Amino acid sequence: MKHTPRPGIYRVRHTASGRSLTGSSVDAPAYLNRVRFELQLGSHRTPALQRDWTQDGPDAFTFEVLDDLKPGPAGRVSPDDLKELLSLWQEKLNWSPTQAY
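Everything quoted here is computed from the prediction, not taken from an experiment.

Undergrad: Any chance you could explain the pattern of salt bridges here in plain terms?
TA: Pairs can form between side chains of opposite charge once their charged atoms are near each other. As enumerated under the stated definition, the model contains five salt bridges in all. Aspartate 68 is the partner of arginine 6 in a salt bridge, and the nearest nitrogen-oxygen pair spans 2.4 Å. In this pair, arginine 6 is assigned in the segment before strand E1 (8-14) and aspartate 68 in strand E3 (residues 61-68), connecting sequence segments 62 residues apart. Shared partners join several salt bridges into a network, and the residues in it are Arg34, Glu38 and Arg45.

Undergrad: What am I meant to see in the sheet that holds strand E2 (residues 20-25) here?
TA: For sheets, the rule is that strands pair by backbone hydrogen bonds, running either parallel or antiparallel. Read from one edge to the other, the open sheet built from three strands follows the order E2-E1-E3, with strand pairing classed as antiparallel. Bordering the open sheet on either side are E2 and E3, each of which pairs with just one other strand. For this sheet the average axis-to-axis angle between neighbouring strands, irrespective of direction, equals 15 degrees. Pairing geometry for E1 and E2, over six bridges, is antiparallel.

Undergrad: How should I be thinking about the pairing of E2 in this particular structure?
TA: Where a strand is regular, its side chains alternate between the two sheet faces. A large share of E2 lies buried, amounting to five of its six residues. Adjacent in sequence and paired antiparallel, E1 and E2 are bridged by five residues, among which glycine 18 carries a positive phi angle near 85 degrees.

Undergrad: Any chance you could explain helix H1 (residues 28-41) here in plain terms?
TA: For an α-helix the count is 3.6 residues per turn, leaving residues at separations of three or four pointing the same way. Across its 14 residues, H1 extends 20 Å between first and last C-alpha, which sits within 8% of the 20 Å expected from 1.5 Å per residue. Listed as buried for H1 are Ala28, Tyr31, Leu32, Val35, Glu38 and Leu39. Buried residues along H1 cover an arc of 125 degrees about the axis, so they all sit on one side. More than 90 degrees from the buried face of H1, the exposed residues found are Phe37, Gln40 and Leu41. Structurally, H1 contributes buried residues whose contacts are with E1, E2, helix H2 (47-56) and E3. At the C-terminal side of H1, glycine 42 shows a positive phi close to 80 degrees.

Undergrad: Would you mind going over the side chain of glutamate 38 with me for this structure?
TA: With respect to the secondary-structure elements, glutamate 38 resides in helix H1. On the basis of relative accessible area, glutamate 38 is assigned to the buried category, the value being 12%. Each residue touching glutamate 38, except ones within four places of it in the same chain, is listed here: Ser43, His44, Arg45 and Gln50.

Undergrad: For this particular structure, what's the right way to read the nonpolar core?
TA: Soluble, globular proteins show a tendency: their nonpolar side chains are buried together. In this structure, Val12, Leu21, Val35, Leu49, Phe61 and Phe63 are the most contacted members of the largest nonpolar core, which totals 14 residues. Elements with a contribution of two residues or more to this core: E1, H1, H2 and E3. With five residues, H1 is the largest single contributor of residues to this core. Setting aside residues no more than four positions away along its own chain, phenylalanine 63 makes contact with Arg11, Val12, Leu32, Val35, Arg36, Leu39 and Trp53. Counting five residues, the second largest nonpolar core, distinct from the first, contains Leu66, Leu85, Leu86 and Trp89.

What counts as what
- Residues numbered from 1 in each chain as written.
- Predicted model: local features only at pLDDT ≥ 70, side-chain atom pairs only at ≥ 80, totals over all residues.
- Heavy atoms only, no water.
- Salt bridge = Lys/Arg side-chain N within 4 Å of Asp/Glu carboxyl O.
- Helix = DSSP H or I, 4+ residues; strand = E, 2+ residues; numbered from the N terminus.
- Pairing = 2+ DSSP bridges.
- Axes fitted to C-alpha atoms, helices over the stretch in contact; angles between N-to-C directions.
- Buried < 20%, exposed > 50% of the residue type's maximum accessible area, 1.4 Å probe, protein only.
- Expected span 1.5 Å × (residues − 1).
- Arc of directions from axis to C-beta.
- Contact = heavy atoms within 4.5 Å.
- Core = buried A, V, L, I, M, F, W, Y, C linked by side-chain atoms within 4.5 Å.

What follows is the structure, given as structure tokens:
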């Protein structure tokens, strides 16, 4: 079975603190799997996120795709469209740097 990338906006949220890692990817579910795997290995490149994971465990986190972006006629998604969608979500979530990893 062929994997179909799912472009969109993702969020990894530490429920205790409310801090989150939010971003865009050409394959948001695959990116979330990568983050989860790196955290389980203790090798995530964001030290504060890794610390919270190590201290509180996986049950203290939610992993979600917030929104999908449908590919255009050529089967591709514009990086500018992903950036704009991320900006809209940050606004919707009242995102601020103090809430981010």
